[in-house]
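Inside the fold
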Amino acid sequence: MATTKAPAGARILGSSIKRREDPRLITGRATFTDDVKLPGTTYAVFVRSPYAHALIHGIDASRALALPGVVAVYTGKELADAGVNPIPTAWVLPGIKYGQRRALALERARFVGEGVAMVVADDPYTARDAAELVDVDFEPLSAVVDAERALEPGAPQVYDDVPDNLSFDWSIGDAAAADAAFGAAAHVVRQRFVNQRLIPNAIEPRASLAAYNPATDELTLWTTSQNPHVHRLIIGAFALGIPEHKLRVISPDVGGGFGSKIMIYPDEVAVAWAARKLERPVKWTAERRESYLTDCHGRDHVTDAELALDADGRILALRVRTIANLGANHGLFGTVTPTYLYAPVLSGQYRIPTVWCGVRGVFTNTAPVDALRGAGRPEATFVIERLVDLAAARLGLDPPELRRRNFIPPEAFPYASSPALTYDSGDYAPALERALGMVGYAALRQEQARLRRQGRYLGIGLCTYVEACGLAPSRIIGKLGAVAGLYESGQVRVHPTGKVSVFTGSQQQGQGHETTFAQIAADTLGVPVEDVDVVHGDTGRIAFGMGTYGSRSGTVGGSAVYLSALRVRDKARKIAAHLLEAAEEDIEVEDGKYFVRGSPDRAKTFAEISLAAYIPHALPMEIEPGLDATVFFDPPNWVFPFGAHVAVVEVDAETGEVELQRYVAVDDVGNVVNPMIVDGQLHGGIAHGIGQALWEHAVYDDAGQLVTGSHMEYPLGRADAFPTFELDRTVTPSPSNPLGVKGVGEAGTIASPAAVANAVMDALAPFGITHLDMPYTPARVWQAIHAQRGR
């Protein structure tokens, strides 16, 4: 059972300590951006385009300005004339063509929901009423929402200077080698996959509150961000031209992100600019419908993939061609998600000599597409894991057996996967065998056969995945196009009383950083975990940080905290050695005491040492006062979690309903800081991915209207739709960071869509159905079954 303290006699690191964040979150005492109250606050509402594509000939705000309580109405032209610049992207690809992303649209709106004007009023109700009085002279234009159609001759052009709507045509791998391998293959499996568009659904909608102090020329922005320092850099230096030391960004409690709060959004820039202009606080909080329209969406790939195998079922080559829908412009990671976060993990857990992948990034008149939990890796995993199951069926092999034949063996690590990456560590077979044992695979196959004779259709689906996360090192990703480093900062500051403050550039949105980072520092320093406080989300208190995304918090942020704590411990040992008149190498640390080896009575507590550090009367001159250390950790490589997931479903042939009966997951995330938190992250990730497999799909009509614009049309999984997840772990530490940890926040989302898809296809195999695109709604499954029956 989890406790708030480590069990007696146990290490703090690796214990299931209860999340210290939870009491304020579950009792309503948390502080979210919308909870922040400032005197004199005004409220912003955005006038948004009702058209997916339209020219803006003029904006008449006179009726809105005449409404009592309205403070101002701003347009894109006013912001541009005031020097507000477009928002840049964070990853540059060779030959890329950009689409400008401005705080407010100028001459043209390019998707439904794009902001064209901002109303500021004394209260939110007046602002909303006034927004309806703003008259915008739109000239509707033809729109294109489908990425394949956007590439066709004569398709509507999202940008006049981006021919054929093609932002980039990118590839990686050896095309000639792939062609040769396919020419020599005994078996070739081909399939077209549609990885449907998804809409993020964080509990807390996006929000911003900006306040300007004219006396000091300082602007403070509270906002729902996964990376406050990145927000400060881009909003300040690039969009508004504000010196960084004059802009403070605070992200208090953030109620979920899943990638959607990485991006720097137009609304945030506009609110920050308006606060400086008016010299009054300006607040904006999105409505749920607004979030559906304007939060960056995820996925939206169309892929043609081919797998070449020899006569014995060993994979020779993989060839993938993907069209990635970018939406109307680039988000922060909109260019890297379908390229470097996608192609390098297409080979999964398999020894594939040759992989080639080509990706075309295409603009459409839809909301921008960017990182969503997993960001490229779920799409890649779905491709390879569906192909492996199709290949197993083609060769008449059991799906686990084909996987076993092609696993990268443990002695091959570090393994240079094709293309681009070197897997740090792995041992894949034990995870698969453990998952098969937990689900009772052999008996389950017998039960499947028995039920089929009764007209019931059980399906068993596997996914053996690899995730690439903790992107690094900066010098390498810089060569690949990143315009910023991907290090992380950690500071450990010990107070005179022995209490500890940890400052981290990683930003929490529910992952439990305040608990796990405290565990890391406490375990390293030898102090009680309750004596450690963790500070995050404030650029005014933290040196710098790159934030939280890509499952990097533990591997990069946690390692920075650990290395900082090590430096503090080393200095504490030096002070203890002086106070105890012993050699530094003879000082040991245990249970919060620093003592002389072999003489446990000759000891100093950590509190005594920290007090001596700040009242250094008895210390020699060469020991600098204070007990504080800061580390910027830039890891030498990514980390590569892996695992094996098994889904068991039953399909009702008369209704098409898919019932998820069991879900087993054996994951390897390296060393574990807090098992309970790891399990929680896996639960959430698995549920997220199952949602894509069974229910979620963002749909636009041909005119660019979002048909699935609320929870009424965009279903999310409810608790009663999921079985109890059965979890276990293997442990293969990473050599890429001092903690040996690997990321976990996205693992479940990467594995579960493919596992459920393979299970559904296995259930439908008696009908001759080999592939359906997600989501597996009752209507889609029923239609497929009855189409086969009607033949």
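Everything in this summary refers to the structure shown in the same document. (Residues numbered from 1 in each chain as written. Predicted model: local features only at pLDDT ≥ 70, side-chain atom pairs only at ≥ 80, totals over all residues. Heavy atoms only, no water.)

**Describing the overall build of the protein**
When helices and strands are counted, the protein shows 20 helices and 28 strands. Against the compact-globule benchmark of 28 Å for 791 residues, the protein has a radius of gyration of 28 Å, which places it among compact chains. When the backbone C-alpha atoms are referred to their principal axes, the protein occupies close to 90 × 75 × 50 Å. By residue count, 61% of the 791 residues in the protein fall in the buried class. Here the analysis covers contacts within the protein between residues at least 6 apart in sequence; of these, 80% occur between residues at least 24 apart. With an accessible surface of roughly 28,700 Å², the protein has 52% of that area assigned to carbon and sulfur atoms. (Helix = DSSP H or I, 4+ residues; strand = E, 2+ residues; numbered from the N terminus. Rg over C-alpha atoms; globule rule 2.2 N^0.38 Å. Buried < 20%, exposed > 50% of the residue type's maximum accessible area, 1.4 Å probe, protein only. Contact = heavy atoms within 4.5 Å. Areas by Shrake-Rupley, 256 points an atom, 1.4 Å probe, with all protein chains shown as cover.)

**Side note on the pattern of salt bridges**
Applying the stated criterion across every chain, the model contains 46 salt bridges. For the salt bridge of Arg24 with Glu514, the shortest nitrogen-to-oxygen distance reads 2.7 Å. Residue Arg24 is located in helix H1 (residues 22–26), and its partner Glu514 is located in helix H15 (residues 513–525); the two are separated by 490 residues in the primary sequence. Where salt bridges share partners, they join Arg48, Arg206, Asp267, Glu290 and Asp295 into one cluster. (Salt bridge = Lys/Arg side-chain N within 4 Å of Asp/Glu carboxyl O.)

**A word on the sheet that holds strand E5 (residues 115–121)**
Strand order in this open sheet of seven strands is E3-E5-E1-E12-E9-E10-E11, and the pairing throughout is mixed. Two strands in the sheet have a free side with no partner beyond their single neighbour: strand E3 (70–75) and strand E11 (247–250). Pairs of neighbouring strands in the sheet enclose a mean axial angle of 20°, with direction left out of account. Here six bridges tie strand E9 (residues 207–213) to strand E10 (residues 218–223), and the two strands are oriented antiparallel to one another. (Pairing = 2+ DSSP bridges. Axes fitted to C-alpha atoms, helices over the stretch in contact; angles between N-to-C directions.)

**Here we look at empty space enclosed by the protein**
Within this structure, the stated rule accounts for seven cavities of 30 Å³ or more. By volume, the largest cavity is sized at about 160 Å³. Lining the largest cavity are 17 residues, with Arg48, Phe111, Glu114, Gly115 and Pro266 positioned closest to its centre. For the lining of the largest cavity, the secondary structure elements donating two or more residues are strand E1 (42–48) and helix H8 (266–278). Split into classes, the residues belonging to the lining of the largest cavity amount to seven nonpolar, four polar and six charged. Of the pockets and cavities examined, the second largest cavity occupies roughly 70 Å³. If you trace the second largest cavity, you find it lined by Arg299, His301, Ala324, Asn325, Leu326, Gly334, Thr337, Pro338, Val369, Asp370 and Glu379. Mapped by element, the contributors of at least two residues to the lining of the second largest cavity are strand E13 (298–309) and strand E14 (315–327). (1 Å grid on protein atoms, 1.4 Å probe; cavity = no way out; pocket = protein on both sides within 12 Å on 5 of 7 lines; lining within 4 Å. Points joined across faces, edges and corners; volume = space filled by probe spheres on them. Nonpolar A, V, L, I, M, F, W, Y, C, P; charged D, E, K, R; others polar.)

**A word on the sheet that holds strand E28 (residues 725–729)**
Sheet strands line up and pair through hydrogen bonds in the backbone, either parallel or antiparallel. Reading across the sheet, the four strands line up as E18-E26-E27-E28 and stay open at both edges, with mixed pairing between neighbours. Every other strand in the sheet has two partners, leaving strand E18 (457–466) and E28 as the edge strands with one partner each. Shown here is a sheet whose adjacent strand axes are inclined to one another by a mean of 15°, direction ignored. In the sheet, E18 pairs with strand E26 (residues 642–651) via ten bridges, with the strands oriented antiparallel. Of the residues in E26, the one forming a bridge with Cys463 is His645. Packed on one face of the sheet, helix H18 (residues 675–694) meets E26, strand E27 (658–668) and E28 and runs near 130° to E28. Along the sheet face, helix H19 (residues 747–764) touches E18, E26 and E27 and points at about 150° away from the line of E18.

**Some thoughts on the packing of aromatic side chains**
A complete count under the given rule lists 22 aromatic pairs for this structure. Relative to Trp273, the ring of Tyr74 has its centre 4.9 Å away and its plane inclined at 85°; by these criteria the two rings are edge-to-face. One end of the pair, Tyr74, is in strand E3; the other, Trp273, is in helix H8, with 199 residues separating them in the sequence. Side by side, Tyr74 and Trp273 carry an identical accessibility label, which is buried. Each ring, one from Phe722 and one from Phe725, has its centre 6.1 Å from the other, and the planes form 65°; the classification is edge-to-face. By relative accessible area, Phe725 is classed as buried at 14%. One aromatic cluster is present, formed by Tyr350, Phe407, Phe413, Tyr428 and Phe642 through successive ring pairs. The ring of Tyr265 carries Arg206 above its face, with NZ or CZ at 3.6 Å from the centroid. Directly above the ring of Phe182 sits Arg319, whose terminal nitrogen or CZ lies 4.0 Å from the centroid. (Phe/Tyr/Trp six-rings, centres within 6.5 Å; stacked < 30°, edge-to-face > 60°. Lys NZ or Arg CZ within 6 Å of the ring centre and 35° of its normal.)

**Some remarks on helix H16 (residues 553–579)**
The terminal C-alpha atoms of H16, which comprises 27 residues, lie 37 Å apart, in line with the 39 Å expected from a rise of 1.5 Å per residue. The sharpest bend along H16 measures roughly 25° and falls at Ser559. Just past H16, the residue Glu581 takes up positive phi, approximately 55°. (Expected span 1.5 Å × (residues − 1). Bend = angle between axes of the 7 residues up to and from the residue.)

**A closer look at the side chain of Thr223**
With respect to the helices and strands, Thr223 occurs in strand E10. Among the polar contacts made by the side chain of Thr223, one reaches the side chain of Glu268 at a distance of 3.2 Å. Those residues in contact with Thr223 that sit more than four places away from it in its chain are Thr33, Ala207, Ser208, His231, Val249, Ile250, Ser251, Pro252 and Glu268. (Polar contact = N/O pair within 3.5 Å; in protein donor to acceptor, adjacent residues only side chain to side chain.)

**So, the state of the cysteines**
Summed over the entire model, instances satisfying the criterion amount to zero disulfides. No disulfide involves Cys463; its sulfur sits 15 Å from that of Cys469, the nearest cysteine. A residue is classified by how much of its surface remains accessible, and Cys469, at 0% relative accessible area, is buried. (Disulfide = S-S within 2.5 Å.)

**Focus: the nonpolar core**
Membership of the largest hydrophobic core comes to 168 residues, with the highest contact counts inside it found for Leu764 and Tyr776. With twelve residues, the top contributor of residues to this core is H19. Apart from the residues within four sequence positions on either side, Tyr776 is in contact with Phe382, Val658, Ala693, Leu694, Ala757, Val760, Met761 and Val781. Of all hydrophobic cores here, the second largest spans 38 residues; its members include Ile12, Val502, Val527 and Ala572. (Core = buried A, V, L, I, M, F, W, Y, C linked by side-chain atoms within 4.5 Å.)

**Some words on the pairing of strand E22 (residues 587–590)**
As paired strands, E22 and strand E23 (residues 593–596) are joined by four bridges and run antiparallel to one another. When the sheet's bridge partners are listed, Val589 is paired in E23 with Tyr594. Counting the residues in the hairpin turn of E22 and E23 gives two residues, including Asp591, whose phi is positive at 50°.

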